[in-house]
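The lines below spell out each chain.
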Amino acid sequence: MGFYRYLLVIWSVVWTLKVVNASENIASGKATSQSSTLGGWGSSNAVDGCVDTFMGSNCCTHTAIGHTEASWQVDLQTQSVIESVNIIYRDEGTLNRLAGYEIYLSNAQDWTSGNRCHKDTTAALASMSATQNVQCPGVTRYLTIYNDRRVKAKPWYSNDAILELCEVQVNGCPVGMYGNGNCAHVCMNCLSSCDTTSGCDDCGAGYHKSGGSCVPCPSNCVGNKCDSLSGACSDGCNAGFTGMWCRCPVNCKDTSCPTGQCTDCNDGYYGPACTPCPSGCSPDTCDKTSGHCVQCDAGFHGSFCRQPCYVNCKNNVCNQDNGQCTDCNDGYYGPACTPCPSGCSTDTCDKTSGHCVQCDAGFHGSFCRQPCYVNCKNNVCNQDNGQCTECDDGFYDSFCNQSCPVNCKNNVCNMVNGQCTECLAGYHGSTCTQTCPTNCKDNICIQGNRFCTECAVGYHGDQCDMNCPFNCKDKFCNQTNGRCIGMYCETDNSCASLYYEIDLTCTEQPTACAFM
């Protein structure tokens, strides 16, 4: 009983539809039968696809002559929803035989147990057409065309009941199927009936129409509730989703998101899932398609601001594209803020080139990596060329790599030309290579002219090469003129005994002075 109640519901709904022949011909090639057959014009000719309307084409059926009833039946092989029936009849002046025909739908071969869905009531033969397009809605397995001449309803009807069907096209779909000309789609989750053209008429709770079927409500609808036609969620979305169909990620600006992906996001989000902008973006702003940060927070660079700036960038700021520092902390230089060269004094260098402002003692060059020459005084040299500003004692020349002459006093010589500033005792000359005269006192002479500064006792002259007068007391005489020094009789007389000074040469004996 349940099955037939289901059929009755389908019948009642389909019967009220305005049907368009958009389904397929479900009678084509199906099994057929007829009440009788004349000659070779069997029942299957009506479903063979041939639409010629004259008997000579062998495309039509023909029941026997002399009967008061005639019927033709097709087995649709499964329960089917019928929209319409197209009958193409023999068109050779025999339409009075078709007049008054009836169409029955049944679920058994005994068509009399079924329902009549159509009866021809054409008023005049002139109005009869060889092509009959009949709306015949219903649900059935068997379709039967019947003609009755037991009583002639109209005088112009044929006397015998004869059927000459050249083609019968039954437009519909198997129950549960629909489609525009092919019945290729399955009705799913219909609330009641399935139209052969449009599919489900309505959907049950938790479903909505999609094409001709009823598909589940969007998975993120609260309570699985949605509009049965549009599928829009009725009571809002589960957490994390938004839009009419709750397919959009929560930060989506869209309302549909057919594929679950956004085409536009709220500010601060990007991509098809509206992912939050990378954490390093400032101020949480990024390209809504790629996610690339417009600007990075201090300390980061790169498209997504995930790469840290070099540790010594000033104020932790670097170029967003390549990470190079725009400025460095003191003591660092270059795009990566490398430490200033180790030889820089106070660790200070030019922040672009890295050139030291000043070098530590002992080094020179732009980066203070080259050692000063070993004999530079106090290990100090010119930063640009490495030349010593002073030399250690014993050395001279720009790089202090020449030794002072060996006889320079205190091993000191002129830094430029190596000439001694003073000689050791016994030597003179610019390089102290010449010996002083033999009779210079203490072996000391003037460096520039070989003159003795003082003569040894008994000698005088610039080079002390002349003897003092013989009788000079204690052999002392003036270095310049050779005269004896002092008077004989004076307490400081300088004449030897028995001599006195007349011309300070102590050359004559005294006459007036007593011996002392």
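Quick note: structure is the one above.
Going along each chain's sequence as written, the residues are numbered from 1 onward. With pLDDT at 70 or above as the cut-off, local features in this predicted model cover only qualifying residues; side-chain atom pairs require 80 or more to be listed or tallied, and sums for whole chains, interfaces and linings still use all residues. By convention in this description, side-chain values take in all heavy atoms of the structure and omit both hydrogens and water.

### A few points about the overall build of the chain
Test applied: Working definition: helices are DSSP H or I runs of at least four residues, strands are E runs of at least two. Numbering for both runs from the N terminus. Throughout this description, buried means an accessible area under 20% of the type-specific maximum (1.4 Å probe, protein chains only), exposed means over 50%, and partly exposed covers the range between. When checking whether two residues touch, look at their non-hydrogen atoms; a contact exists if any pair is within 4.5 Å. Note on areas: Shrake-Rupley with a 1.4 Å probe; residue coverage comes only from the protein chains shown.
A tally of regular secondary structure across the chain gives two helices and 29 strands. Each of the 516 residues in the chain was classed as buried or not, and the buried ones make up 41%. At a minimum sequence separation of 6, the contacts of the chain that also span at least 24 residues come to 38%. About 26,800 Å² of surface is accessible on the chain, with carbon and sulfur atoms providing 49% of the total.

### So, the state of the cysteines
Test applied: Criterion for a disulfide: a pair of cysteine sulfur atoms within 2.5 Å.
Using the criterion set out here, one finds 33 disulfides in the structure. With its sulfur 2.2 Å from that of its partner, Cys 265 forms a disulfide with Cys 274. Residues Cys 265 and Cys 274 are joined through a disulfide that is left-handed, its torsion about the S-S bond being -95°.

### A look at the packing of aromatic side chains
Selection rule: Stacked, edge-to-face and tilted labels apply to pairs of Phe, Tyr and Trp rings (six-membered ring for Trp) whose centres lie within 6.5 Å, assigned for plane angles under 30 degrees, over 60, and everything in between, in that order.
Using the criterion set out here, one finds five aromatic pairs in the structure. Geometrically, the ring pair formed by Tyr 104 and Tyr 146 is edge-to-face, given 6.4 Å between the ring centres and 75° between the ring planes. Taken together, the positions of Tyr 104 in strand 4 (residues 102-106) and Tyr 146 in strand 6 (residues 131-148) put the pair 42 residues apart, joining distant regions of the chain. Assessed through its relative accessible area of 15%, Tyr 104 is described here as buried. The class of Tyr 146 is buried, set by a relative accessible area of 5%. A network of ring pairs unites the aromatic residues Tyr 104, Trp 111 and Tyr 146 as a single cluster.

### Considerations on a nonpolar patch on the surface
Heads up, the rule is: By definition, no residue in a patch forms a salt bridge, and every one has over 30% relative accessible area; like charges are joined within 9 Å, nonpolar side chains (Val, Leu, Ile, Met, Phe, Trp, Tyr) within 5 Å. The working definition used for a salt bridge is a side-chain nitrogen of Lys or Arg within 4 Å of a carboxyl oxygen of Asp or Glu.
A cluster of nonpolar side chains, namely Val 457, Phe 476 and Ile 485, defines an oily patch on the protein surface of about 280 Å² accessible area. Turning to its location among the elements, Phe 476 is positioned in the segment after strand 29 (466-467).

### Here's the deal with the side chain of Asp 75
Formally: Any pair of nitrogen or oxygen atoms within 3.5 Å is treated as a polar contact; in protein, a donor-acceptor pairing is required on top of that, and neighbouring residues in sequence qualify only through side-chain atoms on both sides.
Relative to the helices and strands, Asp 75 resides in strand 3 (residues 69-89). Owing to a relative accessible area of 14%, Asp 75 belongs among the buried residues under this scheme. Within the structure, Asp 75 has its side chain in polar contact with the side chain of Arg 141 (distance 2.8 Å).

### What about the pattern of salt bridges?
For the coordinates displayed, the defined rule picks out 16 salt bridges. Lys 119 is the salt-bridge partner of Glu 102, the closest N and O atoms lying 3.7 Å from each other. You can see Glu 102 sitting in strand 4 and its partner Lys 119 sitting in strand 5 (residues 115-119), a full 17 residues away along the chain. Between Glu 422 and Lys 409 there is a salt bridge; the shortest N-O distance is 3.2 Å. Note that Glu 422 is positioned in the loop between strand 25 (402-403) and strand 26 (427-428) and Lys 409 in the loop between strand 25 and strand 26, a separation of 13 residues in sequence. Shared partners join several salt bridges into a network, and the residues in it are Arg 90, Glu 92, Arg 97 and Glu 164.

### Let's talk about the nonpolar core
As a reminder of what qualifies: Residues belong to a common nonpolar core when they are buried Ala, Val, Leu, Ile, Met, Phe, Trp, Tyr or Cys residues joined through side-chain atoms within 4.5 Å.
Core analysis: the biggest nonpolar cluster contains 32 residues, and Trp 72, Ile 103, Ile 145, Leu 165 and Val 170 have the highest contact counts within it. Among the secondary structure elements, those contributing two or more residues to this core are strand 3, helix 2 (95-98), strand 4, strand 6 and strand 7 (165-174). If one sorts the elements of this core by residue count, strand 3 sits on top with eight residues. Those residues in contact with Val 170 that lie beyond four places of it in its chain are Glu 24, Asn 25, Ile 26, Ala 27, Val 74, Leu 76, Ile 82, Ser 84 and Leu 143.

### Side note on unusual backbone geometry
The omega angle of the peptide bond from Ser 282 to Pro 283 is -10°, so this bond is cis rather than trans. Topologically, Pro 283 is positioned in the loop between strand 17 (275-276) and strand 18 (300-301). Its identity is not glycine, yet Asn 224 carries a phi of approximately 55°, on the positive side. By secondary structure assignment, the location of Asn 224 is in the loop between strand 13 (213-216) and strand 14 (241-242).

### Observations regarding the side chain of Ser 80
Structurally, Ser 80 can be placed in strand 3. Given the relative accessible area of 1%, Ser 80 is considered buried. Reaching out from Ser 80, the side chain makes a polar contact with the backbone oxygen of Thr 78 at a distance of 3.0 Å.

Honestly, it's all geometry; don't read function into it.
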